[in-house]
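# Report on the structure
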Amino acid sequence: MTCAKLFSGADQALCYAKYRPAYPEELYTVVLEYAGGPKTLAVDIACGSGQATAALAALYGRVVAQDGSEEQLHQAKQLPNIEYQHRDAHETGLPDQCADLVAVAQALHWFKHKEFYQEVRRILKPSGTFAAWTYSLPILNHRQHPAQVSAYGQQHS
């Protein structure tokens, strides 16, 4: 069974959109701080019903959000600067070196890593940023970001 099939079906997609938690605003602050540079195009891979996509749309001029489940995409929040596409993470169909940011929220474990990273390198601008996150404490450049360490310490002391 492919991961897209796990998240397909109208009822499953509706529940996913309704109950999937959002990511904290601080996460996007850290990503933007790290990324710097232009904020023309963000690509959200395996976007599901768009939890991260909508947040990225507030920060980037345009967001292309792709997912392998059409049902998930039907549940996604529609905004004028978001284009949703039914695509495989390993073959985005996007032009070479087009993206300022390639983001993956809570989905990296589903991918064929070799093929996926080749695609990321192909579509990412030379000055672009790849960011992947989960619901656990993030690690940036093999180090924890001081703001995240501080926030974690305050919440878990």
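Conventions adopted
Residues numbered from 1 in each chain as written. Predicted model: local features only at pLDDT ≥ 70, side-chain atom pairs only at ≥ 80, totals over all residues. Heavy atoms only, no water. Helix = DSSP H or I, 4+ residues; strand = E, 2+ residues; numbered from the N terminus. Buried < 20%, exposed > 50% of the residue type's maximum accessible area, 1.4 Å probe, protein only. Contact = heavy atoms within 4.5 Å. Areas by Shrake-Rupley, 256 points an atom, 1.4 Å probe, with all protein chains shown as cover. pLDDT = per-residue confidence, 0-100. Core = buried A, V, L, I, M, F, W, Y, C linked by side-chain atoms within 4.5 Å. Pairing = 2+ DSSP bridges. Right-handed = clockwise from strand over helix to strand, strands pointing away. Arc of directions from axis to C-beta. Polar contact = N/O pair within 3.5 Å; in protein donor to acceptor, adjacent residues only side chain to side chain. Axes fitted to C-alpha atoms, helices over the stretch in contact; angles between N-to-C directions.

### Examining the overall build of the protein
- When helices and strands are tallied, the protein shows 7 helices and 5 strands.
- The order of helices and strands in the protein, counted from the N terminus, is α-α-α-β-α-β-α-β-β-α-β-α.
- By residue count, 39% of the 157 residues in the protein fall in the buried class.
- The long-range share in the protein, meaning contacts at least 24 apart out of those at least 6 apart in sequence, stands at 61%.
- Of the roughly 9000 Å² of accessible surface on the protein, a fraction of 54% belongs to carbon and sulfur atoms.

### Some words on the confidence of the model for the protein
- Looking at the protein, pLDDT values average 81 and 73% of them are 70 or higher.
- Mean pLDDT per element in the protein: helix H7 (residues 146–155) is the minimum at 43, and strand E1 (residues 41–45) is the maximum at 98.
- Here residues 148–157 is modelled with pLDDT under 50, and outside its nearest four sequence neighbours on either side it reaches 6 contacts, counting other chains as well.

### A closer look at the nonpolar core
- Core analysis: the largest hydrophobic core is formed by 23 residues, its most contacted members being Tyr60, Leu101 and Trp133.
- If one sorts the elements of this core by residue count, helix H3 (residues 25–35) sits on top with 5 residues.
- In terms of nonpolar packing, the next biggest core, distinct from the first, is built from 16 residues, Val43, Ala89, Cys98 and Val102 among them.

### A look at the pairing of strand E2 (residues 62–67)
- Across the 6 residues of E2, 5 count as buried, placing the element largely inside the fold.
- Bridge analysis of E1 against E2 gives 5 bridges, and the strand direction is parallel. When the bridges of E2 are listed, Val43 appears paired with Val64.
- After leaving E1, the chain enters helix H4 (residues 51–57) and then returns to the sheet as E2, a path that is right-handed.
- Where E2 and strand E3 (residues 82–86) come together, 5 bridges link them in parallel fashion. Paired with Val64 across the strands is Glu83, a residue of E3.

### Focus on helix H6 (residues 113–123)
- Along H6, the positions that sit buried rather than exposed are Phe116, Glu119, Val120 and Ile123. In a view along the axis of H6, the buried residues occupy a sector of 100 degrees, so they form one face of it. Those residues of H6 that are exposed and angled more than 90 degrees off the buried face are Lys114 and Arg121.
- Looking at the packing, one finds that the buried side of H6 touches E1, strand E4 (99–105) and strand E5 (124–133).

### Considerations on the side chain of Ser69
- Summarising the element assignment, Ser69 is placed in the loop between E2 and helix H5 (70–75).
- For Ser69, a relative accessible area of 1% translates into the label buried.
- A distance of 3.2 Å separates a polar side-chain atom of Ser69 from the backbone nitrogen of Gln72.

### As for the sheet that holds E5
- Spatial ordering of the open sheet is given by E3-E2-E1-E4-E5, a layout of 5 strands whose pairing is parallel. Every interior strand has two partners, whereas the edge strands, E3 and E5, have only one. Between one strand axis and the next, the sheet turns by 20 degrees as a mean value, whatever way the strands run.
- For E1 and E4, the ladder comprises 4 bridges, and the chain directions are parallel. Bridging across to E4, Asp44 finds its partner in Ala103.
- Most of the contacts of H3 go to E5, to which it runs at about 155 degrees, and overall it touches E4 and E5.
- Seen against the sheet, H6 touches E1, E4 and E5 and runs at an angle of roughly 140 degrees to E5.

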